[in-house]
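# Structure assessment
One-letter residues, chain by chain:
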Amino acid sequence: MSQDETVVVVPEEEIYDKIEKAVLAIPEVSHFTSEGFQDLLSGIGQAFGYKGHKGLLLRRSKEEGIKVDISLALHKNCRVIETARYVQMVVRNLLLSVTDEKVSGIDITITDLVN
């Protein structure tokens, strides 16, 4: 990156809100969950200054960019793998549209299937 280039850094709260709205708009997604590994990640993340929402954790670094961890419950009878990949695509596209930061990963954990 040259000295003339700047990176647009969007406030985390705004990114959390946009991700939550976009993911919950997907018909196969029931809700965010904080079960399993996400609970541990949120606790550790908050100890190191990362903010988290239920089932959603953003980690930012200058070297690696943005890493997102998402825990979800999906509706039964959906195609789990395809839905998880679609959620990754939606989140990646959203992040690329609101910030110039690199997206280094989007990890999806499905914790429940609900009616």
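Residues numbered from 1 in each chain as written. Predicted model: local features only at pLDDT ≥ 70, side-chain atom pairs only at ≥ 80, totals over all residues. Heavy atoms only, no water.

### Brief notes about the overall build of the protein
- Scanning the protein for helices and strands turns up three helices and five strands.
- Ordered by position from the N terminus, the helices and strands of the protein form the series α-β-α-β-β-β-α-β.
- Looking at the protein as a whole, 39% of its 115 residues are labelled buried.
- At a minimum sequence separation of 6, the contacts of the protein that also span at least 24 residues come to 69%.
- Surface exposure of the protein reaches about 7,000 Å², of which carbon and sulfur atoms provide 51%. (Helix = DSSP H or I, 4+ residues; strand = E, 2+ residues; numbered from the N terminus. Buried < 20%, exposed > 50% of the residue type's maximum accessible area, 1.4 Å probe, protein only. Contact = heavy atoms within 4.5 Å. Areas by Shrake-Rupley, 256 points an atom, 1.4 Å probe, with all protein chains shown as cover.)

### Description of unusual backbone geometry
- One non-glycine residue, Asn-77, adopts positive backbone phi at about 70 degrees.
- Here Asn-77 lies in the loop between β4 (65-75) and α3 (80-98).

### Overview of helix α1 (residues 12-24)
- Between the first and last C-alpha of α1 there are 18 Å, a value that for 13 residues agrees with the 18 Å anticipated at 1.5 Å per step.
- Those residues of α1 not exposed but buried are Ile-15, Tyr-16, Ile-19, Ala-22 and Val-23. Along α1, the residues classed as buried sweep out an arc of 140 degrees about the axis, all on the same side. (Expected span 1.5 Å × (residues − 1). Arc of directions from axis to C-beta.)

### Overview of the confidence of the model for the protein
- Mean pLDDT for the protein: 84, with 77% of residues reaching 70 or above.
- Here helix α2 (residues 37-47) stands out as the least confident element of the protein, with mean pLDDT 56; α3 is the most confident, with 97.
- This model gives residues 1-5 a pLDDT under 50, and the stretch forms one contact once residues within four places in sequence are excluded. (pLDDT = per-residue confidence, 0-100.)

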